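Okay, here's what each chain looks like letter by letter:
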Amino acid sequence: AQKVTQAQTEISVVEKEDVTLDCVYETRDTTYYLFWYKQPPSGELVFLIRRNSFDEQNEISGRYSWNFQKSTSSFNFTITASQVVDSAVYFCALRYSGTYKYIFGTGTRLKVLA
Amino acid sequence: NAGVTQTPKFRVLKTGQSMTLLCAQDMNHEYMYWYRQDPGMGLRLIHYSVGEGTTAKGEVPDGYNVSRLKKQNFLLGLESAAPSQTSVYFCASRPSAGELFFGEGSRLTVL
């Protein structure tokens, strides 16, 4: 079965703390794509990153970093020195090769307190 | 840049009424999608289209119909609205390879 699990429903941190959002996926395919999206309180869905299954290199973009580990089927997202503006719901998603469908996790709500 | 535009943004219906949500994209994308978002359930795929004139069912297609008569437009119809269809609806499009681009969402309430 193809599945994305975000076990953390809600996380609260104090500003400037680091926080990691977990994403575990299941797929039988060897070629697939993983994504992270951010949904701030305003409601729109903002693309953050895409990762191909054949590229396990981790990525850093400013305070954001992503750790892709095929051995554990995980694609975790870390925010360093969190800020109040990071407060949002974050979704992890999977699309496997040969399909047009994207499978979304149920999301993790991050609250960053001042 | 407009990107993906959904209309209307908000709508209140009575049970049994019909309505159509319009999604328009100006990026010449082949693929278009309609999702619904409900608390605690993430995004669930209703219908999608892989090109002009084509449509296919997603996870939760019952009670909805779609049409893609023009490449840039993807319409979602509710023929007889039910309270269970109260939700936030998102349209998305994507090129042949890449991520989804989402519209701002349409909040529908069925009384």
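A quick note: this is a predicted structure, and the numbers were derived from the prediction, not measured. (Residues numbered from 1 in each chain as written. Chains lettered and ligands numbered in written order. Predicted model: local features only at pLDDT ≥ 70, side-chain atom pairs only at ≥ 80, totals over all residues. Heavy atoms only, no water.)

Draft legend 1. Expanded view of the overall build of chain B. Within chain B, the regular secondary structure consists of zero helices and eleven strands. The N-to-C order of helical and strand elements in chain B reads β-β-β-β-β-β-β-β-β-β-β. Taken against the 2.2 N^0.38 rule, which gives 13 Å for 111 residues, the C-alpha radius of gyration of chain B at 13 Å falls within 12% of a compact globule. In terms of overall dimensions, chain B has C-alpha extents of about 40 × 25 × 25 Å along its principal axes. Across the 111 residues that make up chain B, the buried fraction comes to 50%. Contacts spanning at least 24 positions in sequence make up 52% of the contacts within chain B whose residues lie at least 6 apart. (Helix = DSSP H or I, 4+ residues; strand = E, 2+ residues; numbered from the N terminus. Rg over C-alpha atoms; globule rule 2.2 N^0.38 Å. Buried < 20%, exposed > 50% of the residue type's maximum accessible area, 1.4 Å probe, protein only. Contact = heavy atoms within 4.5 Å.)

Draft legend 2. Region of interest: the pairing of strand S5 (residues 43-49) of chain B. Residue and element names in this part refer to chain B. Counting buried positions over the seven residues of S5 gives seven, a clear majority of the element. Sheet topology note: the strand S4 (residues 31-37)/S5 ladder contains six bridges and is antiparallel. Pairing of tyrosine 35 across the sheet is with leucine 45, part of S5. Connecting the antiparallel pair S4 and S5 is a turn made up of five residues, with glycine 40 showing a positive phi of about 75°. The pairing of S5 with strand S6 (residues 56-57) spans two bridges and is antiparallel. Pairing of tyrosine 48 across the sheet is with alanine 56, part of S6. Hairpin geometry of S5 and S6 is characterised by an intervening segment of six residues between the two adjacent antiparallel strands and by a positive phi of about 85° at glycine 53. (Pairing = 2+ DSSP bridges.)

Draft legend 3. Expanded view of the confidence of the model for chain A. Mean pLDDT over chain A works out to 93, with 100% of the residues at or above the 70 mark. By mean pLDDT, strand S7 (residues 59-61) of chain A is the weakest element of chain A at 87, and strand S3 (residues 19-21) of chain A is the strongest at 98. (pLDDT = per-residue confidence, 0-100.)

Draft legend 4. Spatial organisation of the pattern of salt bridges. For the structure shown, the criterion picks out seven salt bridges over all chains. Across the pair glutamate 10 of chain A and lysine 111 of chain A runs a salt bridge, and its minimum N-O distance is 3.4 Å. With a gap of 101 residues between them, glutamate 10 of chain A in strand S2 (residues 10-14) and lysine 111 of chain A in strand S12 (residues 108-113) connect regions that are remote in the sequence. For glutamate 10 of chain A, a relative accessible area of 44% translates into the label partly exposed. Of the charged contacts, one joins lysine 71 of chain B and glutamate 30 of chain B as a salt bridge, the two residues approaching to 2.9 Å between their closest N and O atoms. (Salt bridge = Lys/Arg side-chain N within 4 Å of Asp/Glu carboxyl O.)

Draft legend 5. Representation of the interface of chain B and chain A in the model. Taken residue by residue, the interface counts 20 residues in chain B and 16 residues in chain A. Interface of chain B and chain A: buried area, both sides summed, is about 1600 Å²; carbon and sulfur atoms make up 61% of it. Ranking the residues of chain B by area buried against chain A places Leu43, Glu99 and Phe102 of chain B at the top, with a combined share of 28%. The interface formed by chain B and chain A includes zero salt bridges. Our enumeration of links across chain B and chain A arrives at five residue pairs in polar contact (both at pLDDT 80 or more). Listed by contribution, the elements that provide at least two residues to the side of chain B that touches chain A are S4, S5 and strand S9 (87-94) of chain B. In terms of residues, the side of chain B that touches chain A owes the most to one element, S4 of chain B, which gives four residues. Residues belonging to the side of chain B that touches chain A are distributed by class as follows: twelve nonpolar, four polar and four charged. (Buried area = accessible area lost by both parts, 1.4 Å probe. Polar contact = N/O pair within 3.5 Å; in protein donor to acceptor, adjacent residues only side chain to side chain. Nonpolar A, V, L, I, M, F, W, Y, C, P; charged D, E, K, R; others polar.)

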